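Per-entry structural report
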Amino acid sequence: MPDMSASASLAMTHLVPLAKEVDENKVTPGVLGFIVFAVMAVAVWGLMKSMNRHMGKVDFKEKPDVAADSATGSGASPASPAKG
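Residues numbered from 1 in each chain as written. Predicted model: local features only at pLDDT ≥ 70, side-chain atom pairs only at ≥ 80, totals over all residues. Heavy atoms only, no water.

Once that is clear, we can look at the overall build of the protein. Looking only at helices and strands, the protein has 3 helices and 0 strands in total. Ordered by position in the sequence, the α and β elements of the protein form the string α-α-α. The buried share among the 84 residues of the protein stands at 0%. (Helix = DSSP H or I, 4+ residues; strand = E, 2+ residues; numbered from the N terminus. Buried < 20%, exposed > 50% of the residue type's maximum accessible area, 1.4 Å probe, protein only.)

Here you go:
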């Protein structure tokens, strides 16, 4: 089996000069970067809209449990703290 570090080092010697030819001031994300960003922004907007719709359906007020009140015989809820 050939030595992997030798092939990696050989590949780096060929790729490094290519990277030096690129002008660092002119590298931009381009159209593909804009499209990816726009799709992610639309996805987040859709998720927020869906979350708001689902949160609007939630009822935050707890309904009293009628069966538990009738089973204890007292009018107090079994979860209420004891007095005295």
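In this model, the protein carries a mean pLDDT of 76, and residues with pLDDT of at least 70 account for 54%. Across the protein, the element-wise mean pLDDT spans from 62 in helix α1 (residues 4-21) up to 95 in helix α2 (residues 30-57). (pLDDT = per-residue confidence, 0-100.)

What follows covers a nonpolar patch on the surface. Residues V44, M48, M51, M55, V58 and F60 make up a contiguous nonpolar surface patch of roughly 610 Å² in combined accessible area. By secondary structure assignment, the location of V58 is in the loop between α2 and α3 (66-72). Residue classification places V58 among the partly exposed residues on the basis of a relative accessible area of 39%. (Patch = residues over 30% accessible without salt bridge, like charges linked within 9 Å, V, L, I, M, F, W, Y side chains within 5 Å. Areas by Shrake-Rupley, 256 points an atom, 1.4 Å probe, with all protein chains shown as cover. Salt bridge = Lys/Arg side-chain N within 4 Å of Asp/Glu carboxyl O.)

A few words now on α2. Here α2 is 28 residues long and its end C-alpha atoms lie 42 Å apart, about the 40 Å a rise of 1.5 Å per residue gives. With 0 of 28 residues buried, α2 is to be regarded as a mostly surface element. (Expected span 1.5 Å × (residues − 1).)

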